[in-house]
Each structure stands twice: as C-alpha cells, then as structure tokens.
Amino acid sequence: MIKIANVSKVFENGKTKLEAVKDISLKINKGEIFGIIGLSGAGKSTLIRCLNRLEEPTEGKIFINDLELTSLNKEDLRLARKNIGMIFQHFNLLDQKTVYENIAFPLRLEKLGKKQIDARVNQLLEYVDLKDKKNNYPSQLSGGQKQRVAIARAIANNPKILLSDEGTSALDPKTTKSILELLKKIRDEFNITIVMITHQMEVVKEICDRVAIMENGQIVEINTVENLFKNPKTKVAHSFINSLQGNVEEEIINPKNYKGKIIRLSFMGDSAKKPIVSKVIRNFNIDVNILSGNINKLHASSIGNLTLELIGEDDEINNALLFLKNESVHVEVI
Ligand SMILES: Nc1ncnc2c1ncn2[C@@H]1O[C@H](COP(=O)(O)OP(=O)(O)O)[C@@H](O)[C@H]1O
Ligand SMILES: [Mg+2]
C-alpha cells in the first residue's frame, strides 16, 4: 500500500515560487493499477517523483506499507528504493550498453554473483520476449522494444511497486496496447502495485482500476474507472472521456437552451443491451430527442452514456424517470 499524506512540492527559482503539487493525500492499494491523469503541467511527474523521493516533497509524508519513506536517511532510502521500479516516457536506457547489460545493471548494483545475474537476465529477457535482442544496443531497437528492456530492468530486483511516468506516451497505439498488456501481466502474476502517470485516457480505460484526475497541482476527482465513465463530475474528466478516439463529442449541454428536460443515462453490462429508449417512447406519452451518446469498452465491462431531451407533461416524464431507474440505469437530470 502507498499512502501519500498532505504532500506539497514548491519549486523556488530566485524570487519565483511554483507550487507544483498542492496538499495531496491519497491511498493506493496493494496490487492495484492506479492511474493519475492530467494535462501537461498539472504536476503529475512531480508527484510520482515524490513517491520514490527523486523529488523531495516540501511538505507531507510518503508511506510504503508502514515504512515512512520521507523520514529515511540516504542508506535506508537506497534499500527502500529496491522495492520501487520506474519506467519513463523516453525509456532512459544506457545507450552505450547492450540490452543484456541494461537489464543486468540493477543486479550488479546489488552485487549479485555472475551466475545469478546471468540466470535472472535470461529469465527476464524471456519474460519480455526479447531473447533475440540480447546483444543489441538500444539504438537498434524499436520504441516498444526499448520500453520492454526498461520494464525488465525495472522489475529485475522484484520490486513491490512499479511507477510509470508516461511509459506509453512515445509509442504508437498498437505498441501501447502491447506494453499495457505486459504491465497487466506483471501485476496479475506478481501482485505488484502499479502507478501509471498519463495524459492519455486510452491508458486509463485499458488497464487502470482507479484513477485520480490532477489539475493545477491538485486532485480534483478520484474514482474507480467504471464510475468515472458512468458519472464524471468535473469538466476536465468530461473532456478526457471526449478525447477518446471514436467518441462523439459530448458537449456540455446547457439545459436552458432546451424546452424539455435534459437527462444523462449511464448503463453498463446487461442494461446496455436492452432497448430502453424505445420502451420509454412506447410506454410514456413523451417525445425523446437524442443529443449525444457513446459506448466505452473498459477492461472489465462496457459503459454507455446517452444524453436525451424528454419533452412532455411533468407527470409522464417523472414516471419515465422512475421506469429508467428500475431498469438499473443511472439517471442524472441535468
Ligand atoms: N525542477 C523544476 N523546477 C521548477 N519548476 C518545475 C520543475 N519541475 C517541474 N516544474 C514545474 O512544475 C509544474 C508541474 O510540472 P510536472 O510535474 O512536470 O507536470 P506534468 O508531469 O503533469 O506535465 C510545471 O509548471 C513545471 O514547469
Ligand atoms: Mg510529466
């Protein structure tokens, strides 16, 4: 478990002060894939770098399980960091060293014997499917292959936590998918906790269990991914969902511009398959105008959203709303 307690980070440059992270508190469960999404400059990298003290928090505490990371001296911090692997957008491999040597690097720091290192590196090469690239240099690899090397290096010492700072942002969609699958496999097999920093909603949708949305150094919304898609609360959450490819732009609808009642329906799993809208039209004396809609396939389920204008007598509309609620559709009157 990771616990972030009232963490702030202020960068001081001469006279200017910049508060990149503002009083963030957060708990991340063991084995969870936790996303932190936000636009560029939101403070995501600063926050994740505080988690292993690559950046020293100005205020607040970081706990890994029950160990307070923020109180450790250099040597204890070095030991604690063995439990935290990290990958980056631009891979950060050692260009002058082969794939083998890159993966062996953290094992050499641990002063393992030659045989032990050889066995572990070969095992990792197999795991990330790069056996045939063992003696290649990073410049001879594709982006996806480089990230696989970086992942193998990050998990070489069997960490309990893996941090990814935009680990798929430099990759094309297909490669992104394969890297996300690898990360998921690592979580499932080793019960590692993964913190994924990203500005891509695709990443959140694909593998995260929960997500926090960051804006201006603060967390403005935190939820399970399912509930975020069902019922996003902030404007920035709406716009991240809209940014997904294939989603019809879900405008922020101003009910004042419509004469009917505006409702937003969210449905998941089985309720997505029922002909709910046609039932409403047939059973109640109202007209229905579809304003926008989308369906998102998450890793565990599908979530559909539909914004409708209902036109008719109040009583009929209220009965229709009751009917919808009974069909286990989430209804929000806008
Ligand atoms: N070392 C630094 N010195 C001064 N300002 C910094 C430093 N690192 C980040 N910042 C500033 O902190 C803010 C948050 O940056 P960052 O954490 O990199 O955001 P994100 O990863 O969400 O794009 C930005 O305004 C950035 O310019
Ligand atoms: Mg960043």
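Here's what I pulled together on the structure shown here. (Residues numbered from 1 in each chain as written. Chains lettered and ligands numbered in written order. Predicted model: local features only at pLDDT ≥ 70, side-chain atom pairs only at ≥ 80, totals over all residues.)

This paragraph deals with the overall build of the chain. Looking only at helices and strands, the chain features eleven helices and 14 strands. Projected onto the principal axes, the alpha-carbon positions of the chain cover approximately 80 × 50 × 35 Å. Out of the 334 residues in the chain, the part that is buried amounts to 36%. For the chain, the share of sequence-separated contacts (at least 6 apart) that also reach a separation of at least 24 residues comes to 68%. (Helix = DSSP H or I, 4+ residues; strand = E, 2+ residues; numbered from the N terminus. Buried ≥ 20, exposed ≤ 12 C-beta atoms within 10 Å, placed from the backbone. Contact = placed C-beta atoms within 7 Å.)

Neighbouring residues of ligand 1: Phe11, Asn13, Leu18, Ala20, Gly38, Ser40, Gly41, Ala42, Gly43, Lys44, Ser45 and Thr46. Those elements that place two or more of their residues in the shell around ligand 1 are strand 1 (2-13), strand 2 (16-28) and helix 1 (44-51). Looking at the shell around ligand 1 element by element, the count peaks at three residues for helix 1. For the shell around ligand 1, the per-class residue count stands at four nonpolar, seven polar and one charged. (Near = placed C-beta within 6 Å. Nonpolar A, V, L, I, M, F, W, Y, C, P; charged D, E, K, R; others polar.)

Here we take up the environment of lysine 259. Among the structural elements, lysine 259 can be located in the loop between helix 9 (235-242) and strand 11 (261-268). Note: C-alpha distance between lysine 259 and isoleucine 311 (52 residues apart in sequence) is 7.4 Å.

Glancing now at the environment of phenylalanine 240. Here phenylalanine 240 is to be found in helix 9. According to the C-beta neighbour criterion, phenylalanine 240 is buried, with 24 such atoms within 10 Å. Separated by 23 residues in sequence, phenylalanine 240 and glycine 217 have C-alpha atoms that sit 17 Å apart. Aside from chain neighbours lying at most four places away, what touches phenylalanine 240 is Ile37 and Met201.

The next thing to look at is the nonpolar core. Core analysis: the largest hydrophobic core is formed by 82 residues, its most contacted members being Ile103, Ala152 and Val195. Per element, the largest residue contribution to this core is six residues, and it comes from helix 5 (residues 143-155). Split by domain, this core shows at least three residues from each of two domains, domain 1 (2-236) and domain 2 (255-333). Those residues in contact with isoleucine 103, other than ones at most four positions away along the chain, are Val121, Leu124, Leu125, Val149, Ala152, Arg153 and Ala156. (Core = buried A, V, L, I, M, F, W, Y, C linked by C-beta atoms within 7 Å. Domains from an automatic or database assignment.)

With that settled, consider the sheet that holds strand 9 (residues 210-215). Across the sheet, which stays open at both edges, the six strands sit in the order 6-7-8-3-9-10 with mixed pairing between neighbours. Whereas interior strands pair on both sides, the edge strands pair on one side only; in this sheet they are strand 6 (84-88) and strand 10 (218-224). Strand-to-strand, the axes of this sheet are offset by a mean angle of 15 degrees, without reference to chain direction. Where strand 7 (residues 161-165) meets strand 8 (residues 193-198), five bridges bridge the pair, whose relative direction is parallel. Its bridge partner lying in strand 8, isoleucine 161 is registered against threonine 193. Against the sheet, helix 9 makes contact with strand 3 (33-38), strand 9 and strand 10, and its axis sits at roughly 115 degrees relative to strand 9, the strand it touches most. (Pairing = 2+ DSSP bridges. Axes fitted to C-alpha atoms, helices over the stretch in contact; angles between N-to-C directions.)

Burial analysis of strand 6 places four of its five residues in the buried class, which makes it a mostly covered element. Pairing of strand 6 with strand 7 involves five bridges; the strand directions are parallel. The residue bridging methionine 86 from the neighbouring strand is leucine 163, located in strand 7.

Next up on the list: the packing of helix 3 (residues 99-109) against helix 4 (residues 114-127). It is the contact of helix 3 with helix 4, at a shortest axis distance of 10 Å, that shows an interaxial angle of 130 degrees. The angle between the axes of helix 3 and helix 4 places the two elements in the oblique class. Both helix 3 and helix 4 take part in a crossing whose hand is right-handed. Facing Tyr100, Ile103, Ala104, Leu107 and Arg108 of helix 3, the residues of helix 4 in contact are Ile117, Arg120, Val121, Leu124 and Leu125. Partitioning the contact of helix 3 with helix 4 into residue classes produces eight nonpolar, no polar and two charged. (Parallel < 35°, antiparallel > 145°, perpendicular 65-115°, else oblique. Left-handed = near helix turned anticlockwise from the far one by under 90°.)

We now examine the packing of helix 5 against helix 6 (residues 173-190). Look at helix 5 against helix 6: their axes get within 10 Å of each other, and the N-to-C directions meet at 15 degrees. With respect to each other, helix 5 and helix 6 are oriented roughly parallel. The hand of the helix 5/helix 6 crossing is right-handed. Of the residues in helix 6, those in contact with Gly143, Gly144, Gln147, Arg148, Ile151 and Ile155 of helix 5 are Thr175, Ser178, Ile179, Leu182 and Ile186. Grouping the amino acids of the contact of helix 5 with helix 6 by side-chain chemistry returns five nonpolar, five polar and one charged.

To continue, consider the sheet that holds strand 11. An order of 12-13-11-14 is seen for the four strands of this open sheet, with the pairing classed as antiparallel. Looking at the sheet topology across the chains shown, the edges are occupied by strand 12 (287-297) and strand 14 (330-333). Across the sheet, the mean angle separating the axes of adjacent strands is 20 degrees when strand polarity is ignored. Direction of pairing for strand 11 relative to strand 13 (residues 302-311): antiparallel, over a ladder of eight bridges.

One can find proline 138 in the loop between helix 4 and helix 5. The sequence separation of proline 138 and valine 99 amounts to 39 residues, and the corresponding C-alpha distance is 6.7 Å. In this structure, proline 138 is in contact with Leu93, Asp95 and Lys146, ignoring residues within four places of it in sequence.

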